[in-house]
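Commentary on secondary and tertiary structure
Now for the letters of each chain:
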Amino acid sequence: MKIGELARQTGLSVDTLRFYERIGLIQRPARDGGGRRDYDPAVLDWIAFLARLAATGMRQADRVRYAALRRQGDTTLAARRAMIEAHRTAIAARVAELNAALALMDDKIETYRRMEAEHDRPTS
């Protein structure tokens, strides 16, 4: 798959894909007879996984480190698992913080509803 098609399918720009290659997030693809990048379709799943890691707040440097470990093969399985476990712990902490903030917003909304109802009540 050529870089333009990969860009269309992933929603990333051609420049972003080239940057990802440069920093090691995605492997440099083979080249066709004309010297154009020719990506293996499996890169789509990898890019989707990288996007999920980014969406969960994993820093780019950590994603690059994870990608480097992945390229090294099965000897890095424990290191990769440890990275994902640590990141999961951080996500769980953020989810707990967000749930607490959500509960606070719910309480505040209910307080305003009660205050509005009291304010709108006719006085006799």
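Up top you'll find the structure we're talking about.
Everything in this summary refers to the structure shown in the same document.

About the cut-offs
- Residues numbered from 1 in each chain as written.
- Predicted model: local features only at pLDDT ≥ 70, side-chain atom pairs only at ≥ 80, totals over all residues.
- Heavy atoms only, no water.
- Buried < 20%, exposed > 50% of the residue type's maximum accessible area, 1.4 Å probe, protein only.
- Helix = DSSP H or I, 4+ residues; strand = E, 2+ residues; numbered from the N terminus.
- Arc of directions from axis to C-beta.
- Contact = heavy atoms within 4.5 Å.
- Axes fitted to C-alpha atoms, helices over the stretch in contact; angles between N-to-C directions.
- Parallel < 35°, antiparallel > 145°, perpendicular 65-115°, else oblique.
- Nonpolar A, V, L, I, M, F, W, Y, C, P; charged D, E, K, R; others polar.

A short note on helix α2 (residues 14-23)
The periodicity of an α-helix, 3.6 residues per turn, causes residues three or four places apart in sequence to face the same way. Within the sequence span of α2, burial applies to L17, Y20 and E21. Taken end-on, α2 shows its buried residues confined to a sector of 100°, consistent with a single buried face. Exposed and oriented more than 90 degrees from the buried face of α2 are D15 and R22. At its buried positions, α2 is contacted by α1 (3-10), β2 (37-38) and α3 (43-55).

With respect to the packing of α1 against α2
Here α1 crosses α2 at 105°, and the two axes come no closer than 9 Å. Our classification of the angle between α1 and α2 gives roughly perpendicular. On the side of α1, the interface is formed by I3, G4, L6 and A7, while α2 contributes V14, L17 and R18. Of the residues in the contact of α1 with α2, the class split is five nonpolar, one polar and one charged.

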